[in-house]
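# Coordinate analysis (summary)
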Amino acid sequence: MTLKLGLPKGSLQEATLELFRRAGYDITVNPRSYFPRIDDDGIECMLIRAQEMARYVEDGILDAGLTGRDWILENQAEVEEIADLIYAKQTFGKVRWVLAVPEASPVRSVQDLQGKIVATELVKVTERYLADRGVKAKVEFSWGATEVKPPVLADAIVEVTETGSSLRANGLRIVETVLESNTKFIANRAAWRDDAKRRKIETLVMLLEGAIEASGKVGLMLNVRRADLEKVLAVLTALKRPTISNLSDPEWVAVNTVIEEKTVREIIPRLKAANAQGIVEYPLNKIVV
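A short tour of the structure in this document, coming up. Residue positions within a chain follow its written sequence, with the count starting from 1. Since the coordinates come from a predicted model, pLDDT governs what is reported: local features require at least 70, and pairs of side-chain atoms require 80 or more to be given and counted, while whole-chain, interface and lining totals use all residues. With hydrogens and water set aside, each side-chain value is computed from the structure's full complement of heavy atoms.

## Digging into the overall build of the protein
Rule in force here: A run of H or I in DSSP becomes a helix once it reaches four residues, and a run of E becomes a strand once it reaches two; helices and strands are each numbered from the N terminus. Each radius of gyration reported is based on C-alpha atoms, and the globular scaling rule is 2.2 Å times the count of residues to the power 0.38. A 1.4 Å probe rolled over the protein chains alone gives each residue an accessible area, and that area as a share of the maximum for its type sets the label: buried under 20%, exposed over 50%, partly exposed in between. When checking whether two residues touch, look at their non-hydrogen atoms; a contact exists if any pair is within 4.5 Å. All accessible-area figures derive from a Shrake-Rupley calculation using a 1.4 Å probe, and residue coverage is judged against the displayed protein chains alone. The charge count treats Lys and Arg as positive and Asp and Glu as negative. His and the chain ends do not count. Taken as the charge location is NZ of Lys, CZ of Arg, CG of Asp or CD of Glu.
When helices and strands are tallied, the protein shows nine helices and 16 strands. On C-alpha atoms alone, the protein measures out to a radius of gyration of 24 Å, which is more than a quarter above the 19 Å that the 2.2 N^0.38 rule sets for 289 residues. Viewed in the frame of its principal axes, the protein has a C-alpha envelope of about 80 × 50 × 35 Å. Taken over 289 residues, the protein has a buried fraction of 45%. Expressed as a percentage of contacts within the protein between residues at least 6 apart in sequence, the contacts between residues at least 24 apart total 69%. When the accessible surface of the protein is totalled, it reaches about 15,300 Å², and 48% of it is carbon and sulfur. Taken as two groups, the 40 positive and 42 negative side-chain charges of the protein have centres that lie 2 Å from each other.

So this is what it looks like as structure tokens:
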């Protein structure tokens, strides 16, 4: 059994390869090939644009793939949505497709677009969004550089953003959010019914989710006298409960926990003040819950 897996080519490619690396998979991309090598004999990878992924998974050309919720909706693809993988190009968060206009535009709401031109790559979703609000506007497919089209080539755009910085840099103002999206792991419905492929997919998803869960967290180990244990535990904000282990000296215990990396510089001095010793911080690749 071989699982045919689609990986998103383009803006999500590097973030996806890094996520797989942290999940334990080594993927090597040849710039002249659309078929990366992966160190798992049970998986064959193919680089596909996220915009097309859902269609190829639906048709069974691919057994599974990673793509955005936005492109599943745009293609109205009938696929199994296995898991939400909350990561994006710049951040481990969701992205938004927003309706934006030039700063000087009189448009203040979607209703003001009656009879206007909207440029976007997400044509079908935008058309449905406008229709649901009773707005008749011309929606044109944008082949790229969508932010520079208003006001000469379009009255408004619907564009994806993580932080809004690119829109602001192009003198655009967000009017409304059209759609919130994130990366999803999807599967072909026949492949999902195949026991062997399903087990492979479930294992892969578990490890990817574990890598995302570990993002921004570190492990912390320390030793402390039993008499000072309560003071140390009062300092720690654990993922669940810290693991406490006996040491060879019955008066001492070892404490192991997981914390947010950004809190480490504040917590370590407080642990020292609570008489903790031998404090070790270590990186995490995966947290499987």
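## A few points about the pattern of salt bridges
Spelled out, the test is: Salt-bridge detection follows one rule: a side-chain nitrogen of Lys or Arg within 4 Å of a carboxyl oxygen of Asp or Glu.
Enumeration according to the criterion identifies 17 salt bridges in this entry. A salt bridge links Lys94 to Glu180; the shortest N-O distance between them is 3.7 Å. Taken together, the residues Lys94 in the loop between strand E6 (80-85) and strand E7 (95-102) and Glu180 in strand E11 (residues 172-181) connect sequence positions 86 residues apart. Where Glu251 meets Arg225, a salt bridge forms, and the shortest distance between an N and an O atom there is 3.2 Å. Of this pair, Glu251 sits in the loop between strand E14 (243-246) and strand E15 (252-260) while Arg225 sits in strand E13 (residues 217-225); the two residues are 26 residues apart in sequence, bridging distant segments of the chain. Owing to a relative accessible area of 37%, Arg225 belongs among the partly exposed residues under this scheme. Put simply, Glu78, Glu80 and Arg189 are held in one network by salt bridges that share partners.

## Notes on the sheet that holds strand E8 (residues 117-120)
Note the following rule: Only strands joined by at least two bridges in the DSSP assignment are considered to pair. To get an axis, a line is fitted to the C-alpha atoms, and for a helix only the part in contact is used. The angle between two axes follows their N-to-C directions and goes from 0 to 180 degrees.
If you trace the five strands from one edge of the open sheet to the other, you get E9-E8-E10-E7-E11, paired in mixed fashion. Every interior strand has two partners, whereas the edge strands, strand E9 (138-141) and E11, have only one. Here the strands of the sheet are splayed against their neighbours by 25° on average, with no regard to which way each runs.

## Points about unusual backbone geometry
The omega torsion across Pro150 and Pro151 is 0°, close enough to zero to call that bond cis. Within the fold, Pro151 resides in the loop between E9 and strand E10 (156-161). In this model, Gln76 sits at a positive phi of 50°, which is unusual for a non-glycine residue. Its location among the elements puts Gln76 in the loop between helix H3 (69-75) and E6. Even without a glycine there, the phi angle at Ala145 is positive, about 50°.

## Details of the sheet that holds strand E16 (residues 277-283)
Strands sit in the order E14-E15-E13-E16 across an open sheet of four strands; the sheet is antiparallel. Sheet topology places E14 and E16 at the edges, where each strand pairs with a single neighbour. On average, adjacent strands in this sheet sit at an angle of 20° to one another, irrespective of strand direction. Across the sheet, helix H9 (residues 264-273) is in contact with E13, E15 and E16; its angle to E16 comes to roughly 160°.

## Some details on the packing of helix H1 (residues 13-23) against helix H7 (residues 195-214)
Here is the rule we go by: Every angle not falling under 35 degrees, over 145, or within 65 to 115 is termed oblique; those three ranges are roughly parallel, roughly antiparallel and roughly perpendicular. Classification used: nonpolar for Ala, Val, Leu, Ile, Met, Phe, Trp, Tyr, Cys and Pro, charged for Asp, Glu, Lys and Arg, polar for all others including Gly.
Where H1 meets H7, the closest approach of the two axes is 8 Å, and the angle between their N-to-C directions is 100°. By the angle between their axes, H1 is roughly perpendicular relative to H7. Residues Leu19, Phe20, Arg22 and Ala23 of H1 lie in contact with H7, whose contacting residues are Leu204, Leu207, Leu208, Ala211, Ile212 and Ala214. Here the residues of the contact of H1 with H7 are counted per class, giving nine nonpolar, no polar and one charged.

## Describing the pairing of E10
Regular strands place their side chains on alternate faces of the sheet. Burial analysis of E10 places five of its six residues in the buried class, the great majority of the element. In terms of strand pairing, E7 meets E10 through five bridges, oriented antiparallel. Following the sheet pairing, Arg96 is matched in E10 by Thr161. Of the strand pairs in this sheet, E8 and E10 are connected by three bridges, and their pairing is parallel. The residue of E10 that forms the bridge with Thr120 is Val158.

None of the figures reported here should be taken as evidence of function without further support.
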